[in-house]
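# Chains, contacts and geometry: an overview
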Amino acid sequence: MKKSGKVAEKGRYANRIPGKCLFLLLSLLLFGCGTSNDGDTSETGLEELTKIEVTEYEGKDLSSLTDFRENSIKGPQYIDIDSYKLTIDGLVEQPVSLSYDEVLDNQKYTKVVTLHCVEGWSVDILWEGVLLADLFEGVDVQASADTVIFYSEDGYSTALPLQTIMDRQLMIAYKMNGVVLPPERGFPFQLVAEDKLGYKWIKWITRIELSDDADYEGYWEQRGFDNKADVKP
Ligand SMILES: Nc1nc2c(c(=O)[nH]1)N[C@H]1C(S)=C(S)[C@@H](COP(=O)(O)O)O[C@H]1N2
Ligand SMILES: [Mo]
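Report follows, based on the coordinates. Treat the numbers as computed from the prediction; the structure is a model and nothing was measured.

## A few points about the overall build of the protein chain
On a plain count of helices and strands, the protein chain comes out with 7 helices and 12 strands. The burial tally for the protein chain puts 47% of its 233 residues in the buried class. For the protein chain, long-range pairs separated by at least 24 residues make up 68% of all intrachain contacts whose partners lie at least 6 apart in sequence. About 11,700 Å² of surface is accessible on the protein chain, with carbon and sulfur atoms providing 50% of the total.

Structure (structure tokens):
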């Protein structure tokens, strides 16, 4: 599944930048000839995205996609979108493995939601994504399911009650501040776990399991963090 940053870049830029030439020209203008690019395009990419990200929405200032502190358990994951599948299985009648495009075939929703990390920082971001409720419609969830467990490319996991997901109309985001999620921020999908602490906002989601294990503990939950993870007002 892991590929170089370049592959993920290609997927992200494909439908926004008209030509490779324009992109090269822009890079040249922005970074000049004297600056060496050692092949790590991920950080460069993030800086470029700040020039086109949305900074305000309905009169409200947004945080930048560089305002996050990257502290993921294994660092950024670079997912090859051509081989990527989102599996939805467990207590369902029709398990599925959806391609990126198949996930995006669903109705899109846009919402400003704040992510609060337990480290004490927070970011207000304009998220765009698809509802988990819509994805679940396609798999026919069994009546015994009460928990949704999310798994990631980096081995991370976390869980939320099915009820919370349906009541709060939670979504998985593919865009933030109007740009496709960069690898650092969880491309292709991050859970927008509204009103829940940052460790519930799982990035690089690869699998969603419907379960009846209401006590399931994810990566940080196993290490002592509260499984409810409610943001205190
Ligand atoms: N797969 C994965 N998702 C993850 C994490 C991680 O380590 N791996 N870290 C979580 C935490 S603790 C936070 S605060 C949010 C935002 O982290 P970021 O600032 O590294 O993007 O992502 C969450 N999602
Ligand atoms: Mo966090």
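## A short note on the nonpolar core
Formed by 57 residues in total, the largest nonpolar core has its most connected members in Trp127, Leu132 and Ile172. Aside from chain neighbours lying at most four places away, what touches isoleucine 172 is Leu86, Val103, Glu128, Gly129, Val130, Leu132, Leu135, Phe189, Gln190, Leu191 and Ile205.

## Description of a nonpolar patch on the surface
A surface patch of nonpolar side chains, amounting to about 240 Å² of accessible area, comprises Val118, Trp220 and Phe225. Looking at the secondary structure, you find valine 118 in the loop between strand 5 (108–116) and strand 6 (122–131).

## Notes on the site of ligand 1
Every one of the 18 residues lining ligand 1 counts as a neighbour, but Arg69, Ile73, Asp154, Trp201 and Lys203 are closest to it. Take arginine 69: an N or O atom from its main chain is 2.7 Å from an oxygen atom of ligand 1. The separation between an oxygen atom of ligand 1 and a polar main-chain atom of asparagine 71 is 3.3 Å. When ligand 1 is considered free in solution it has 530 Å² of accessible area, and contact with the protein chains removes 98% of it.

## Considerations on the packing of aromatic side chains
Applying the stated rule across the entire model yields 9 aromatic pairs. When the ring of tyrosine 84 is compared with that of phenylalanine 189, the centres are 6.0 Å apart and the planes differ by 50°; the resulting orientation is tilted. Of the two residues, tyrosine 84 is situated in the loop between strand 2 (60–61) and strand 3 (86–90) and phenylalanine 189 in the loop between strand 10 (179–180) and strand 11 (190–192); the sequence distance between them amounts to 105 residues. Overall, phenylalanine 189 belongs to the buried group, its relative accessible area being 0%. Measuring from ring centre to ring centre gives 5.7 Å for tryptophan 220 and phenylalanine 225, while their planes differ by 85°; the resulting arrangement is edge-to-face. Taken together, the ring pairs connect Tyr156, Tyr199, Tyr219, Trp220 and Phe225 into an aromatic cluster.

## Remarks on the pairing of strand 12 (residues 205–211)
Most of strand 12 sits out of view: 6 of its 7 residues are buried. One ladder, built from 4 bridges, connects strand 3 with strand 12; its direction is parallel. Within strand 12, the position partnered with threonine 87 by the bridge is arginine 207. Where strand 7 (residues 147–152) lies against strand 12, 6 bridges are found, and the strand directions are antiparallel. Bridge pairing links phenylalanine 150 to isoleucine 208 in strand 12.

## Here's the deal with the sheet that holds strand 7
An order of 4-3-12-7-8 is seen for the 5 strands of this open sheet, with the pairing classed as mixed. Both edges of this open sheet fall to strand 4 (96–98) and strand 8 (157–161), since each of them pairs with a single strand only. Each strand of the sheet is rotated relative to its neighbour by a mean of 20°, with strand direction disregarded.

## With respect to the pairing of strand 7
For strand 7, a buried count of 5 out of 6 residues is recorded, marking the element as mostly surrounded by other parts of the structure. Bridge count for strand 7 against strand 8 is 5 bridges, and the pairing is antiparallel. Its bridge partner lying in strand 8, phenylalanine 150 is registered against threonine 158. In this structure, the hairpin formed by strand 7 and strand 8 is closed by a connection of 4 residues, where glycine 155 is found at a positive phi of approximately 90°.

## Observations regarding unusual backbone geometry
Residue proline 188 follows phenylalanine 187 across a cis peptide bond; omega there is 10°. Inspection of the secondary structure assignment puts proline 188 in the loop between strand 10 and strand 11. In this model, aspartate 195 sits at a positive phi of 70°, which is unusual for a non-glycine residue. With respect to the element layout, aspartate 195 can be found in the loop between strand 11 and strand 12. By relative accessible area, which is 40% here, aspartate 195 ends up partly exposed.

Parameters and conventions
- Residues numbered from 1 in each chain as written.
- Chains lettered and ligands numbered in written order.
- Predicted model: local features only at pLDDT ≥ 70, side-chain atom pairs only at ≥ 80, totals over all residues.
- Heavy atoms only, no water.
- Helix = DSSP H or I, 4+ residues; strand = E, 2+ residues; numbered from the N terminus.
- Buried < 20%, exposed > 50% of the residue type's maximum accessible area, 1.4 Å probe, protein only.
- Contact = heavy atoms within 4.5 Å.
- Areas by Shrake-Rupley, 256 points an atom, 1.4 Å probe, with all protein chains shown as cover.
- Core = buried A, V, L, I, M, F, W, Y, C linked by side-chain atoms within 4.5 Å.
- Patch = residues over 30% accessible without salt bridge, like charges linked within 9 Å, V, L, I, M, F, W, Y side chains within 5 Å.
- Salt bridge = Lys/Arg side-chain N within 4 Å of Asp/Glu carboxyl O.
- Near = heavy atom within 4 Å.
- Polar contact = N/O pair within 3.5 Å; in protein donor to acceptor, adjacent residues only side chain to side chain.
- Phe/Tyr/Trp six-rings, centres within 6.5 Å; stacked < 30°, edge-to-face > 60°.
- Pairing = 2+ DSSP bridges.
- Axes fitted to C-alpha atoms, helices over the stretch in contact; angles between N-to-C directions.

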